[in-house]
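Structural overview
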Amino acid sequence: MLSYYDLRKGVQFVYEGQPYEVLEFRQMGKSQDVVVAQTKIRNLITGRVLQKNFHQGEMFKEAELAKFQAKFLYSHKGKFVFCHADNQGNRFEFLEEQLGETAKFVKPNQEVEGIIFQNEIINIVPPIKVQLKVTDAPPGVKGDRAQGGNKAATLETGAVVNVPLFIETGDVVEINTETGEYVRRIKE
């Protein structure tokens, strides 16, 4: 069992019968020495993000999740189709809303990790860092700055991320899928 204090970033627990993952945790004292845990949690089935306060004495069951290797096949009209890595005939799909921000960083034939909760496939987790090609990067205009600037670039998956001014169309960049931020340019 997990207490409210154990709900740190990355912890997966069962709340109201569904698995959740803690995205943010902040402990806050209120009047009369009452300590409250302010959290931002994501439902692993629906992808919805909630802001929730938990109080001392609340206990939670740890989510028992199984993982397996899967492969992203294609997306069509907001549906993302995956298969088991070892059996392409065994397919499953998710809506874009269920995947949330991770949907922007998966490309065809990419290996991902599938998550099973109570014998049902509920979500996928992409690799922490992915390499994607820049399909559109407007020319950078530096101006009067002491530090390098950023510009918005479109990636091959349709995601738009901020990149340094030196990134051009055709470059391959590494993106952190947890934060959605540019990491580095990959030399080919």
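Worth saying up front: this structure is predicted, and the values here are computed from it rather than measured.

1. Notes on the layout of surface pockets
By volume, the largest pocket amounts to about 860 Å³. The wall of the largest pocket is formed by 33 residues, among which Leu23, Arg42, Thr102, Thr177 and Glu178 lie closest to the centre. Taken together, the elements giving at least two residues each to the lining of the largest pocket come down to β3 (18-29), β4 (35-43), α1 (96-99), β11 (120-125) and β14 (160-164). Residue contributions to the lining of the largest pocket peak at four residues, all from β3. Among the residues making up the lining of the largest pocket, the classes are represented as 13 nonpolar, 10 polar and 10 charged. Taken together, 13 residues make up the lining of the second largest pocket; nearest its centre are Ser75, Phe80, Ala103, Val106 and Thr157. Partitioned by chemical class, the residues of the lining of the second largest pocket number six nonpolar, three polar and four charged.

2. Quick look at the sheet that holds β14
One open sheet holds the five strands; their spatial order is β14-β13-β12-β15-β16, and the pairing between them is antiparallel. The open sheet is flanked by β14 and β16 (181-186), the only strands paired with a single partner. Within the sheet, the average angular offset between the axes of one strand and its neighbour, ignoring direction, is 55°. With five bridges connecting them, strand β15 (residues 172-176) and β16 associate as antiparallel partners. Its bridge partner being in β16, asparagine 176 is matched across the sheet by glutamate 181.

3. Side note on the sheet that holds strand β10 (residues 111-117)
One open sheet accounts for five strands, arranged β9-β8-β7-β10-β11; its pairing is antiparallel. At either margin of the open sheet sits one strand with a lone partner, and together these are β9 (87-95) and β11. Neighbour-to-neighbour, the strand axes of the sheet open up by a mean angle of 45°, direction not taken into account. As paired elements, β10 and β11 share five bridges and run antiparallel to each other. Of the residues in β11, the one forming a bridge with isoleucine 116 is isoleucine 121.

4. Quick word on the packing of aromatic side chains
For any pair of aromatic rings, the description rests on two quantities: the centre-to-centre distance and the angle between the ring planes. Applying the stated criterion across every chain yields a total of 13 aromatic pairs. Seen from their ring centres, phenylalanine 54 and phenylalanine 60 are 4.9 Å apart, and the 80° between their planes marks the pair as edge-to-face. Grouping aromatic residues by their ring pairs yields a cluster made of Phe68, Phe72, Phe80, Phe82, Phe92 and Phe94.

5. A look at the confidence of the model for the chain
The pLDDT averaged across the chain works out to 85; a share of 93% of its residues lies at or above 70. Ranking the elements of the chain by mean pLDDT puts α1 last with 81 and β15 first with 91.

6. Section: the nonpolar core
The nonpolar side chains of a soluble globular protein tend to be buried, and buried together. Core analysis: the largest hydrophobic core is formed by 13 residues, its most contacted members being Phe105, Val134, Leu155, Val161, Val173 and Ile175. Looking at this core, the elements with two or more residues in it are β12 (129-136), β13 (150-155), β14 and β15. Here this core takes three residues from β12, the largest share from any one element. In contact with phenylalanine 105, other than residues within four places in its own chain, are Gln110, Val130, Leu132, Thr157, Ala159, Val161, Ile175, Thr177 and Gly180.

7. A few points about the environment of alanine 37
Tracing the backbone shows alanine 37 in strand β4. As a C-alpha pair, alanine 37 and tyrosine 4 span 33 residues in sequence and 6.8 Å in three-dimensional space. Each residue touching alanine 37, except ones within four places of it in the same chain, is listed here: Tyr4, Phe25, Arg26, Lys52, Asn53 and Phe54.

Cut-off values and rules
- Residues numbered from 1 in each chain as written.
- Predicted model: local features only at pLDDT ≥ 70, side-chain atom pairs only at ≥ 80, totals over all residues.
- Heavy atoms only, no water.
- 1 Å grid on protein atoms, 1.4 Å probe; cavity = no way out; pocket = protein on both sides within 12 Å on 5 of 7 lines; lining within 4 Å.
- Points joined across faces, edges and corners; volume = space filled by probe spheres on them.
- Helix = DSSP H or I, 4+ residues; strand = E, 2+ residues; numbered from the N terminus.
- Nonpolar A, V, L, I, M, F, W, Y, C, P; charged D, E, K, R; others polar.
- Pairing = 2+ DSSP bridges.
- Axes fitted to C-alpha atoms, helices over the stretch in contact; angles between N-to-C directions.
- Phe/Tyr/Trp six-rings, centres within 6.5 Å; stacked < 30°, edge-to-face > 60°.
- pLDDT = per-residue confidence, 0-100.
- Core = buried A, V, L, I, M, F, W, Y, C linked by side-chain atoms within 4.5 Å.
- Buried < 20%, exposed > 50% of the residue type's maximum accessible area, 1.4 Å probe, protein only.
- Contact = heavy atoms within 4.5 Å.

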